[in-house]
Amino acid sequence: MMFCDRCGLPAAEGDHTACAAARELEPPRFCPHCRRRMKVQVVPTGWTAACVEHGTTQG
């Protein structure tokens with residue numbers, strides 16, 4: 001099961017249009033694989049989000 005990386009709810013359930021729009025401007029908050037809250041670091045050149053189970057993503 002995949003999860004929304006902004007709100008943490010199941011990606012297949014509900015309307016995530018607002019989440020998709022917000023994700024254009026901000027980093028993910030939840031791991032899309034396990035729904036854990038990620039450690040997010042924002043810097044002037046981008047962001048890094050780390051899940052303890054699934055590793056790091058950058059943007």
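Look above for the structure.
Computed from a predicted structure; not experimentally measured.

Draft legend 1. Examining the overall build of the chain more closely. When its secondary structure is counted, the chain shows one helix and three strands. In the chain, the succession of α and β elements from N to C terminus is α-β-β-β. Over its C-alpha trace the chain gives a radius of gyration of 11 Å, about what one expects of a compact globule, namely 10 Å for 59 residues. Across its three principal directions, the C-alpha atoms of the chain cover 35 × 25 × 10 Å. Taking all 59 residues of the chain together, the buried fraction comes to 29%. For the chain, the proportion of contacts with a sequence separation of at least 24, taken over those separated by at least 6, is 20%. Here the chain displays about 4200 Å² of accessible surface, and carbon together with sulfur accounts for 53% of that area. Of the side chains in the chain, 7 bear a positive and 6 a negative charge, and the two mean positions are spaced by 9 Å.

Draft legend 2. How the structure looks around the environment of Thr-57. Mapped onto the fold, Thr-57 is located in strand S3 (residues 55-58). Taking C-alpha positions, Thr-57 is 21 Å from His-16, a pair spaced 41 residues apart along the chain. Setting aside residues up to four positions removed in sequence, Thr-57 forms contacts with Trp-47, Thr-48 and Ala-49.

Draft legend 3. Looking closely at the sheet that holds strand S1 (residues 39-43). Spatial strand order, S1-S2-S3: three strands in an open sheet with antiparallel pairing. Looking along the sheet, the strands with just one partner apiece sit at the ends: S1 and S3. Ignoring which end each strand starts from, the neighbouring axes of this sheet average 15° apart. Relative to S3, strand S2 (residues 46-51) runs antiparallel, the two sharing four bridges. Looking across to S3, one finds that Thr-48 is bridged to Gln-58.

Draft legend 4. Representation of unusual backbone geometry in the model. The phi torsion at Arg-35 lies on the positive side, around 70°, for a residue other than glycine. For Arg-35, the position within the fold is in the loop between helix H1 (17-23) and S1.

Draft legend 5. Quick look at the pattern of salt bridges. Tallying each qualifying case throughout the model produces three salt bridges. A salt bridge links Arg-23 to Asp-5; the nearest nitrogen and oxygen atoms lie 3.0 Å apart. Of this pair, Arg-23 sits in helix H1 while Asp-5 is found in the segment before H1, placing the two residues 18 residues apart along the sequence. The partly exposed category is assigned to Arg-23, whose relative accessible area is 23%.

About the cut-offs
- Residues numbered from 1 in each chain as written.
- Predicted model: local features only at pLDDT ≥ 70, side-chain atom pairs only at ≥ 80, totals over all residues.
- Heavy atoms only, no water.
- Helix = DSSP H or I, 4+ residues; strand = E, 2+ residues; numbered from the N terminus.
- Rg over C-alpha atoms; globule rule 2.2 N^0.38 Å.
- Buried < 20%, exposed > 50% of the residue type's maximum accessible area, 1.4 Å probe, protein only.
- Contact = heavy atoms within 4.5 Å.
- Areas by Shrake-Rupley, 256 points an atom, 1.4 Å probe, with all protein chains shown as cover.
- Lys, Arg positive; Asp, Glu negative; His and termini not counted.
- Charge placed at Lys NZ, Arg CZ, Asp CG, Glu CD.
- Pairing = 2+ DSSP bridges.
- Axes fitted to C-alpha atoms, helices over the stretch in contact; angles between N-to-C directions.
- Salt bridge = Lys/Arg side-chain N within 4 Å of Asp/Glu carboxyl O.

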